[in-house]
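Chain and residue survey
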Amino acid sequence: MRPEGIGEADWNDAGWQMRHRIRDAEGLRAFIHPTDDEIRAVAALADRFRFVITPYYASLMDPDDPECPIRRQVVPRMAELDDPAGLADPLDEVAHSPVKNVVRVYRDRIAFCVNNECALYCRYCLRKRMVGEPSWAMKKRELGLALDWIRATPEIRDVLLTGGDPLVFSDERLDWLLGELRGIPHVEIIRLGTRLPVTLPARITPELCRVLEAHHPVWLNTHFNHPRELTPEAAAACDRLTRAGVPVGNQSVLLRGINDDAETMKALCEGLVRLRVRPYYCYQAQLLEGTAHFRVPVERGLEIFRALRGRTSGYAIPLYVLDTPYGKVPLTHAYLRGREGDDIVVESYDGRLWREPNPLDDPEAPADPEASGDPAAPADPEAPDET
Ligand SMILES: *Cc1c(COP(=O)(O)O)cnc(C)c1O
Ligand code: SF4
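In short, a report on the structure. Predicted model, so just to flag it, every value in this text is computed and none were measured. (Residues numbered from 1 in each chain as written. Chains lettered and ligands numbered in written order. Predicted model: local features only at pLDDT ≥ 70, side-chain atom pairs only at ≥ 80, totals over all residues. Heavy atoms only, no water.)

Attention shifts here to the site of ligand 1. Taken together, Val-103, Val-105, Tyr-106, Arg-109, Ile-110, Ala-111, Arg-191, Tyr-280, Tyr-281, Asp-323 and Lys-328 make up the full set of residues near ligand 1. Within the side chain of Arg-191, a nitrogen or oxygen atom sits 2.8 Å from an oxygen atom of ligand 1. Mapped onto the shell around ligand 1, the elements with two or more residues apiece are strand E2 (109–113) and strand E7 (278–284). Looking at side-chain class alone, the shell around ligand 1 contains seven nonpolar, no polar and four charged residues. (Near = heavy atom within 4 Å. Polar contact = N/O pair within 3.5 Å; in protein donor to acceptor, adjacent residues only side chain to side chain. Helix = DSSP H or I, 4+ residues; strand = E, 2+ residues; numbered from the N terminus. Nonpolar A, V, L, I, M, F, W, Y, C, P; charged D, E, K, R; others polar.)

Moving on, we come to the packing of helix H12 (residues 262–274) against helix H13 (residues 298–308). Orientation of H12 relative to H13, taken along the N-to-C sense of each, is 55 degrees, at an axis distance of 9 Å. Classified by the angle their axes make, H12 and H13 are oblique. Between H12 and H13 the crossing geometry is right-handed. Across the interface between the two elements, Ala-262, Met-265 and Lys-266 from H12 touch Ile-304, Phe-305, Ala-307 and Leu-308 from H13. By residue class, the composition of the contact of H12 with H13 is six nonpolar, no polar and one charged. (Axes fitted to C-alpha atoms, helices over the stretch in contact; angles between N-to-C directions. Parallel < 35°, antiparallel > 145°, perpendicular 65-115°, else oblique. Left-handed = near helix turned anticlockwise from the far one by under 90°. Contact = heavy atoms within 4.5 Å.)

Here we come to the packing of aromatic side chains. Inspection of every chain in the model, using the stated rule, returns six aromatic pairs. Each ring, one from Tyr-281 and one from Tyr-283, has its centre 5.8 Å from the other, and the planes form 65 degrees; the classification is edge-to-face. Residue class for Tyr-281 comes out buried when judged on its relative accessible area of 16%. Residue classification places Tyr-283 among the buried positions, given a relative accessible area of 14%. Linked through ring pairs, Tyr-280, Tyr-281 and Tyr-283 together constitute an aromatic cluster. The aromatic ring of Trp-176 is capped on one face by Lys-140, whose charged end is 4.6 Å from the ring centroid. Positioned above the aromatic ring of Phe-169, the side-chain terminus of Arg-173 is 5.1 Å from the ring centre. (Phe/Tyr/Trp six-rings, centres within 6.5 Å; stacked < 30°, edge-to-face > 60°. Buried < 20%, exposed > 50% of the residue type's maximum accessible area, 1.4 Å probe, protein only. Lys NZ or Arg CZ within 6 Å of the ring centre and 35° of its normal.)

The subject of this paragraph is helix H11 (residues 232–243). For H11, which comprises twelve residues, the first-to-last C-alpha distance of 16 Å matches the rise-based estimate of 16 Å (1.5 Å per residue) to within 8%. Every buried residue belonging to H11 is among Ala-234, Ala-237, Cys-238, Leu-241 and Thr-242, and all of these are buried. Looking straight down H11, one finds its buried side chains confined to an arc of 130 degrees; they lie on one side. Exposed residues lying more than 90 degrees from the buried face of H11 are Pro-232 and Arg-243. Where the residues of H11 are buried, they touch helix H5 (55–58), helix H9 (196–199), helix H10 (206–213), strand E5 (218–222) and strand E6 (248–254). (Expected span 1.5 Å × (residues − 1). Arc of directions from axis to C-beta.)

To continue, consider the sheet that holds strand E8 (residues 319–324). Pairing is mixed across the open sheet formed by nine strands, whose spatial order is E1-E2-E3-E4-E5-E6-E7-E8-E9. Pairing within the sheet leaves two strands with one partner each, and these edge strands are strand E1 (102–103) and strand E9 (327–330). Where E7 meets E8, three bridges bridge the pair, whose relative direction is parallel. In the strand pairing of E8, Tyr-283 is matched with Val-321. Across the sheet, helix H7 (residues 140–151) lies against E1, E2 and strand E3 (158–162), angled at about 175 degrees from E2, the strand it touches most. Each of E6 and E7 is contacted by H12, which is oriented at about 145 degrees to E7, the strand it contacts most. (Pairing = 2+ DSSP bridges.)

Taken across its five residues, strand E12 (residues 353–357) has zero buried, putting it largely on the surface. In terms of strand pairing, strand E11 (residues 343–347) meets E12 through five bridges, oriented antiparallel. Residue pairing in the sheet places Asp-343 in a bridge with Pro-357 of E12. Counting the residues in the hairpin turn of E11 and E12 gives five residues, including Gly-351, whose phi is positive at 90 degrees.

Of all residues except glycine, most have a negative phi; of all peptide bonds, most are trans. Cis rather than trans, the peptide bond between Gly-163 and Gly-164 has omega equal to 5 degrees. Position of Gly-164 relative to the elements: it lies in the loop between E3 and helix H8 (171–182). Put simply, His-216 and Pro-217 share a cis peptide bond, and its omega is 0 degrees. Despite not being glycine, Asp-92 shows a phi value in the positive range, around 55 degrees. Tracing the backbone through its elements, the reader meets Asp-92 in the loop between helix H6 (71–74) and E1. Since its relative accessible area comes to 37%, Asp-92 is described here as partly exposed. Notably, Asn-101 is not glycine yet its phi reads approximately 85 degrees, a positive angle. Note on placement: Asn-101 falls in the loop between H6 and E1. Owing to a relative accessible area of 5%, Asn-101 belongs among the buried residues under this scheme.

Structural data, given as structure tokens:
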């Protein structure tokens, strides 16, 4: 619910939204009736992980329901203090950093944490250890050092700008950064990871879209977790991006009590596809400090995505993954049941078995050099030697 007395122009202005963010229990009271637990948690966690919410996102919270899936993502709870297994850096990102702000797990692509600020802070944020921390504020000089590293590392063909949120940058700064990356010949694609279409859709202005468009190919992944986030404002923001030629994907996190049932996940993913946003990944929640109350057993995740297969468009089914220090690992129901002689046996979405003839290559058979493409074998036995 939007509080009274705020003009339309202010409400739809990203700068106004950023300046009027909720930072304490008092601010929260303008939007919801906070519980004792929430009020205590705001104070108890103040120096652990920043509490900030945009008025826009706060207006989506149910004022009376503490279990509201929007509210639970951003309002702290005392349960955050109760997580003995949680780690600060479960992906060991610090160890995978060749230069400050760059995380390299794969040979050809990196996550480049260009900013430590977000419009709001999600209570289950993987980068809790660095977002919202003033000590992490990134200076242009540091960005420059990371750019130098990318320039000097020709294997890097895909740069994912993340953070924090790279769209918290001004248009000018983003234009500069994208231009620097575009000037590196081996950087083929630039990707943005941003939650602003969800948390501050007013930031996706026509001017911003023009900046992105000027540096194509630019891809963007955003982060919707619940169908209630699919508001007309968010839809318009995604529409502006796709019209600017930016393919928009979504990465959600599987969160207990928020989206961990097939019905909610299906509504979310079908809603995204209606906005031309492709569900890309759904992450298993990490073993991250203060988030035990959000985690679900992997078996539940498998059941949810199994329930979607065959019952909605393939476009509406993201890949369920566990991120690890060794890269992302798909968590999938095993549709391939195994081999029986010359057949493979697969299971359909509704549990029926299908047997597909698929003999193994016979290792004894004489190799067809053309088909195998073996560079050591001459393609034409009559052809003269090259020497
Ligand atoms: C997720 C991630 C990427 C991108 O992975 P894709 O599977 O290509 O989307 C790149 N680097 C790091 C460190 C990542 O965590
Ligand atoms: S928007 Fe992303 S980086 Fe920022 S707090 Fe939320 S999950 Fe973390």
